[in-house]
Each structure stands twice: as C-alpha cells, then as structure tokens.
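Letter by letter, the chains look like this.
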Amino acid sequence: QAKEAGRNTLSFFDPALQSRLQARARLEADLRQALPRDEFRLHYQVQVNAAGETVGAEALLRWQHPERGEVLPGTFIPMAEETRLILPIGDWVLKTACAQLAAWAGDPSTAALTVSVNVSPRQFREADFVEHVMKVLERTGAPADRLELEATESLLLEARDDARDKMLRLKERGVIFSLDDFGTGYSSLSYLKRLPLTQLKIDRTFVHDLLEDDTSAAIVASTIALSDSLQLDIIAEGVEGVAQRDWLIEHGCLTFQGYLFGRPAAIESLDLNGTPYGAAMMPPLKSEAASL
Ligand code: C2E
Ligand code: MG
Ligand code: MG
Ligand code: MG
C-alpha cells in the first residue's frame, strides 16, 4: 500500500525524481545494447610484489558509451546486476580475460602471471557457474591455476553451502579465490575458515587512511595477522604512495595493487616491462652457468 502511494507520488508529483527515472531507463536501454554494439573494454591493473615484480593483473570493465564516453563500473554494474544483464556481460569479461591469460601463458616471460576477474553474486548463483567457467577455460586454453576469481563478502553470506560447494569444485581444478574489499562486509571469521579461499584483498579505503587514521591502521594490521594465521595470501588494493607501501611491507603485506604501480589500462599500454619481472624469470646466461 505504501509502495502504491509512493509510485503515485513519483509519477505525478515529483518531476525531479521522474526525470531521474527517465535517465535511468535510458541508461538501461543503452546498457542492453552495449554488448551487441561492442562497447565494452577490459582494462588491466598490475599487481606487484615487494621486489617490484609484476605478479598478475586485475581485469576491470569499462564501458565506452557513444555519448557519455567512458563509464566506470560503479555506474552500471549495479544496474547490470538488477537486470541480470550481468550474466552476458560477466560472460564476456571472463572470456576476454581468459583469452588474455592464454596469450600470457604461451610466452615464458609472462607465463607466471595471474589474471583476476571480478565475479558478481548473481553470476556465482547460476546453477551452471562451475561448468561455465570450466568451459571458458577449455575453449580459451587458459591455465586454470592462473585464474583468480574475486568475490566480495556479500557473496559468502548468501547461500553459503552452495557457494562453498561451487568454490571447492573450481578450486579442485586449480582456480584461485580471492575475497575482495575485505573489511567492508560482514563476514564472520567462521566463514573464512570454511571457505576454500586463497587470498584476502584489503579494501582500498583502509589503505587510503592508514597513515593518518589509527583505526584503519589497526584494521589493516589485524587483517594481515588474520591472513597469516589462516595461511591466506594477502594483497592490498589502492596503494597510492611509497609510504603506504613501506608501511605494508613492514607489517607483512608483500603484494600490492594501486596507482603507485600503475592505473588500469588497455592491454597494449600495460607496463609489464617497467618491472624486473622478465629478468627474474630468465635462466642464467650460458657464460654465467659455465663459470658456476
Ligand atoms: P574492485 O574490484 O575493488 O576494483 C578496484 C577498484 O579500485 C577499481 O575501480 C580500480 O580502478 C580502483 N583503484 C585501483 N587502484 C587505485 C588507487 O590507487 N586509488 C584509488 N582511489 N582507486 C584505485 P573501478 O575500475 O572503477 O571498479 C570498481 C568496482 O567495480 C570494482 O572494485 C569491482 O567491484 C567492480 N567491477 C569492475 N569490473 C568488474 C567486472 O568485470 N565484473 C564485475 N562483476 N564487477 C566489476
Ligand atoms: Mg576486484
Ligand atoms: Mg577490491
Ligand atoms: Mg574495493
């Protein structure tokens, strides 16, 4: 009843809200066309270790809107989730990222890199999610153990046993799971223990404040300690400054992602050589080996 009244108020008495609803409807109509019109792009942001070596990259979706220009996921992912458009869009993301992963796997200088893909709860909830991921891996020839799926805490709260089961089946094949935006959700420690996670990803809001705000610093330090006792890998996102990185290293977090190391960029302009990654993977020169 209240909903009915609200609807009447919207459509007849609130022109500002009405125009917002129209803009929303327009965006939704555009979003439906975005995939057939080939308007999505994947950007990649490097993940780096304490030695400055690139260890992987996160795939981040961009929408090249014909009039608005680049639209960031924060604007359209929630809408894509509500409309289930996230299913075909997420499918495109997974295929595109796995094709990239397969290309990297074929080159010794990039073969050890991982690709992280963000997965919405909606995708994860699909009954055939596991089979679908396996099929994409097969068709693209991407190595399963270099694919990292990033899920947020909200995913783990709903349908826990189902989520756990799907994660276990994918993990069996080598797929890695990372818990994104850690600290912003509501996950209890018992979920962390039950789920087959490999990595926690510290949310960038805590990293951002860590040098100025004792509470954020305490949260980051305890997350690192937690990952240590649960034997999970840990990565910090949103690292923008050297002082933040050094604080993290001092406190035991040795993998980072953030503007300090590179912004999300198209694959052609991704800087994998700016780091000594390739060099670290090279076998010793023949002359060096001979003198050993
Ligand atoms: P996320 O997975 O936590 O991704 C990290 C976000 O932090 C990205 O925003 C990235 O551009 C931004 N970022 C990276 N380094 C820095 C830094 O040093 N400083 C600051 N201030 N920000 C930094 P972006 O690309 O706008 O993506 C926002 C969110 O949208 C992502 O958060 C993820 O939850 C979602 N998303 C992105 N791509 C996809 C996708 O393909 N599928 C799904 N389901 N969600 C996606
Ligand atoms: Mg992510
Ligand atoms: Mg994140
Ligand atoms: Mg985040």
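Treat the numbers as computed from the prediction; the structure is a model and nothing was measured.

Rules and cut-offs
Residues numbered from 1 in each chain as written. Chains lettered and ligands numbered in written order. Predicted model: local features only at pLDDT ≥ 70, side-chain atom pairs only at ≥ 80, totals over all residues. Heavy atoms only, no water. Donors = N, O, S within 2.8 Å, 3.2 Å for Na, K, Ca; no water. Helix = DSSP H or I, 4+ residues; strand = E, 2+ residues; numbered from the N terminus. Buried < 20%, exposed > 50% of the residue type's maximum accessible area, 1.4 Å probe, protein only. pLDDT = per-residue confidence, 0-100. Contact = heavy atoms within 4.5 Å. Near = heavy atom within 4 Å. Polar contact = N/O pair within 3.5 Å; in protein donor to acceptor, adjacent residues only side chain to side chain. Areas by Shrake-Rupley, 256 points an atom, 1.4 Å probe, with all protein chains shown as cover. 1 Å grid on protein atoms, 1.4 Å probe; cavity = no way out; pocket = protein on both sides within 12 Å on 5 of 7 lines; lining within 4 Å. Sits in = over half its atoms within 2 Å of the grid points. Nonpolar A, V, L, I, M, F, W, Y, C, P; charged D, E, K, R; others polar. Pairing = 2+ DSSP bridges.

The subject of this paragraph is the coordination of the magnesium ion (ligand 4). Coordination of the magnesium ion (ligand 4) by the protein involves D181 (OD), D203 (OD) and E237 (OE), with metal-donor separations of 2.1 to 2.7 Å. Look at where the donors of the magnesium ion (ligand 4) fall in the sequence and you get D-x21-D-x33-E. In this structure the magnesium ion (ligand 3) is found 2.9 Å away from the magnesium ion (ligand 4), and D181 serves as a bridging donor for the pair. Taken together, the residues span a long stretch of sequence, with D181 in strand β6 (residues 176–182) and D203 in the loop between β7 (199–202) and α10 (204–209) at a distance of 22 residues. Judged by relative accessible area, which is 7%, D203 ranks as buried.

With that settled, the discussion passes to the coordination of the magnesium ion (ligand 3). The coordination sphere of the magnesium ion (ligand 3), as far as protein atoms go, consists of D180 (OD), D181 (OD) and E237 (OE), spread over 2.0 to 2.4 Å. Each donor residue of the magnesium ion (ligand 3) belongs to the same chain, with the gaps between them written as D-D-x55-E.

Turning to the confidence of the model for the protein chain, a few remarks are in order. In the predicted model, the protein chain carries a mean pLDDT of 88, and the fraction of residues at 70 or more is 88%. Here residues 275–292 is modelled with pLDDT under 50, and outside its nearest four sequence neighbours on either side it reaches 15 contacts, counting other chains as well.

Around ligand 1, a shell composed of 21 residues is seen, among which R62, D180, R204, E240 and Y259 lie nearest. With respect to ligand 1, the side chain of Q45 contributes an N or O atom lying 2.9 Å from a nitrogen atom. Take D181: an N or O atom from its side chain is 3.0 Å from an oxygen atom of ligand 1. Protein chains bury 84% of the 800 Å² of accessible surface belonging to ligand 1 in isolation. Because more than half of its atoms lie within 2 Å of the grid, ligand 1 is assigned to the largest pocket. Of all elements in the fold, only β2 (54–65), α3 (73–82) and β6 reach the threshold of two or more residues within the shell around ligand 1. It is β2 that contributes the most residues to the shell around ligand 1, four residues altogether. For the shell around ligand 1, the per-class residue count stands at eight nonpolar, five polar and eight charged.

Turning our eyes to something else, we now look at the pairing of strand β1 (residues 40–49). Of all the 10 residues making up β1, nine are buried; the element is thus mostly covered by neighbouring parts of the structure. Sheet analysis places β1 next to β2, joined by nine bridges and oriented antiparallel. Note that in β2 the partner of R41 across the bridge is R62. Connecting β1 to the antiparallel partner β2 that follows it, the hairpin turn spans four residues, and G52 within it adopts a positive phi of roughly 85 degrees.

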